[in-house]
Each structure stands twice: as structure tokens, then as C-alpha cells.
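Chains, contacts and geometry: an overview
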Amino acid sequence: MSTPVCVLVGMMGAGKTTVGGLVAERLGVPFRDVDADIEAAAGKPIPDIFIDDGEERFRELERDAVAAALDGFAGVLALGGGAILDPQTRKRLADHRVVYLSVELPDALKRVGFGAGRPVLAMNPRATLRHLLDQRRPLYEEVATVVVATDGRTPDEVADEVAAALGLGGR
Ligand SMILES: Nc1ncnc2c1ncn2[C@@H]1O[C@H](COP(=O)(O)OP(=O)(O)O)[C@@H](O)[C@H]1O
Ligand SMILES: O=C(O)C1=C[C@@H](OP(=O)(O)O)[C@@H](O)[C@H](O)C1
Ligand SMILES: [Mg+2]
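As the structure is a computational prediction, the values presented were derived from the model and not from experiment. (Residues numbered from 1 in each chain as written. Chains lettered and ligands numbered in written order. Predicted model: local features only at pLDDT ≥ 70, side-chain atom pairs only at ≥ 80, totals over all residues.)

Here we take up helix H7 (residues 125–143). With 19 residues, H7 extends 25 Å from end C-alpha to end C-alpha; this agrees with the ideal 27 Å at 1.5 Å per step. At Arg136, H7 shows its maximal bend, which comes to roughly 40 degrees, and the proline Pro138 appears one to four places after that position. Those residues of H7 lying buried are Pro125, Leu129, Tyr140 and Val143. Considering only its buried residues, H7 is in contact with strand E1 (6–9), helix H5 (87–93), strand E4 (98–102) and helix H6 (105–112). (Helix = DSSP H or I, 4+ residues; strand = E, 2+ residues; numbered from the N terminus. Expected span 1.5 Å × (residues − 1). Bend = angle between axes of the 7 residues up to and from the residue. Buried ≥ 20, exposed ≤ 12 C-beta atoms within 10 Å, placed from the backbone. Contact = placed C-beta atoms within 7 Å.)

Structure, rendered in C-alpha cells:
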């Protein structure tokens, strides 16, 4: 079975989707985002999954999509910010090279704006993000092989550091 070159985790707004694509470009490997896999499996966008089926169903789809990608994808893989809430997923990640893209509240807020397309931030993005950061930080740290801080840095700068941290060469 093929396995990802690296797996990106971190909060909404850390830049997993954006930086993941840039890292894949640098390494000359494909990029995949588990959120897109979930949307393909459900046949609808993430906000519609939350509305029609609920967050619990979204998390089930997410757990299955992560398991499938960890087992059969040989490129750079971005997870959604809440994927690490699942204990089975955290256990699976122990066998992989996991890059935690960290972000503090001010930059995360600037990047997610009013939370469009991210249903968990539908109400009060600032308070929700602050709470989720506190709740999830230990879980990101638990699964991380490498931590790369993203605050005040451009996606290209972050991607260079990720490639270097993996020992796979920057641009
Ligand atoms: N390092 C960065 N600096 C500034 N903006 C960024 C950075 N990384 C991502 N962004 C922007 O923030 C938004 C969220 O990025 P995204 O890659 O979707 O994050 P994630 O997948 O971690 O939620 C996008 O508009 C993206 O262009
Ligand atoms: O943190 C979360 O709970 C979520 C993050 C989103 O992905 P990004 O982290 O890529 O924004 C997406 O999976 C969904 O809206 C839920
Ligand atoms: Mg994303």
C-alpha cells in the first residue's frame, strides 16, 4: 500500500489546503485534501452535509476518508482541522510523518474571515476559534512529527519550511 509523503494538520486557517498544494508542487508529488474527498463521497459541499446530516455524520465520513487516504495515497495530504478529534484517526497518524501547521487566534481569524464554508464557525467565529484552539492544540501536538509556525508568514515561506523540515528540500 502507498502512504502519504506527509500529512498536514492544524486549525482552520492554518493554511493546510493552500500550503499543502505548494509543498506538493515543490516535491513533485500529487496533493489531496480530505475535505474534497468527503464532499465527493457525500455528493455535496461540507456546509450542506452539516445542515442535512449533522456534524456527527460529517465526522464519520471524515474518519473513513482519512483512513482511505492514509492507506492508499502517495503524496501530500491535508486533513480538515477537526479530523484529529477522532481517537482512531490519531492512532492511525502515529505511523505517518505529520506536519502541524500552527496558527494563533489573530492570524487564524484574519484568514477565515467570517467563517464562510466552515460551518463550525457559523456563529461567533472569534469565540469559537479561541475555544477550539484551546481544545485542539494538545491533540495537534500529540500527533505532530514536526511543528511549523505560520503566523506572519506567507504560504510560500511556510511551504519552504515544511519541505526543509521534512528533509526533502525547499525551493
Ligand atoms: N500563511 C498564510 N498567510 C496568509 N494567508 C494565508 C496563509 N495560509 C493560508 N492563507 C489564506 O487563508 C485562507 C485559509 O487557508 P486554507 O489553506 O484554506 O486553510 P486551512 O485549510 O488550514 O483551513 C485562504 O484564503 C488562504 O489563501
Ligand atoms: O476544524 C473543523 O472542524 C473543520 C475544518 C474544515 O477544514 P479546514 O481546517 O481545512 O478549514 C472542514 O473540515 C470542516 O468545515 C470542519
Ligand atoms: Mg483546508
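Mapped onto this numbering, the UniProt entry gives "binding site: Mg(2+)" (unreviewed entry) at Thr17. Position of Thr17 relative to the elements: it lies in helix H1 (residues 16–27). Filtering out sequence-adjacent residues up to four positions away, Thr17 remains in contact with Asp33 and Ala78. (UniProt positions renumbered as here; feature names shortened; annotations may be inferred.)

UniProt tags Asp35, Arg59, Gly81 and Arg136 as "binding site: substrate" (unreviewed entry). Its place among the elements puts Gly81 in the loop between strand E3 (76–78) and H5. Take Gly81: there are 26 C-beta atoms within 10 Å of it, and that puts it in the buried class. Beyond its immediate stretch of four places on either side in the chain, Gly81 contacts Gly10, Met11 and Met12. Relative to the helices and strands, Arg136 resides in helix H7. Classification of Arg136 by C-beta neighbours within 10 Å gives partly exposed; the count is 18. If sequence neighbours within four positions are ignored, Arg136 has contacts with Met11 and Ile84.

With that settled, consider the nonpolar core. The biggest cluster of nonpolar side chains holds 48 residues, and the ones touching the most others in it are Leu8, Val9, Val34, Leu77, Leu79, Leu101 and Val162. Residue contributions to this core peak at five residues, all from helix H4 (residues 55–72). Setting aside residues no more than four positions away along its own chain, Leu77 makes contact with Pro4, Val7, Leu8, Arg32, Val34 and Ala69. (Core = buried A, V, L, I, M, F, W, Y, C linked by C-beta atoms within 7 Å.)

The interhelical angle for the contact between H1 and helix H8 (residues 155–165), taken along N-to-C directions, is 55 degrees, at an axis separation of 9 Å. Of the possible angle classes, the one that applies to H1 and H8 is oblique. Between H1 and H8 the crossing geometry is right-handed. In this structure, H1 uses Thr18, Val19, Leu22, Val23, Arg26 and Leu27 to contact H8, whose residues at the interface are Pro155, Asp156, Val158, Ala159, Val162 and Ala163. (Axes fitted to C-alpha atoms, helices over the stretch in contact; angles between N-to-C directions. Parallel < 35°, antiparallel > 145°, perpendicular 65-115°, else oblique. Left-handed = near helix turned anticlockwise from the far one by under 90°.)

Looking at ligand 2, the residues that line it are Met12, Lys16, Thr17, Asp35, Ile46, Gly80, Gly81, Gly82, Arg118, Pro119 and Val120. The residue inventory of the shell around ligand 2, partitioned by class, reads four nonpolar, four polar and three charged. (Near = placed C-beta within 6 Å. Nonpolar A, V, L, I, M, F, W, Y, C, P; charged D, E, K, R; others polar.)

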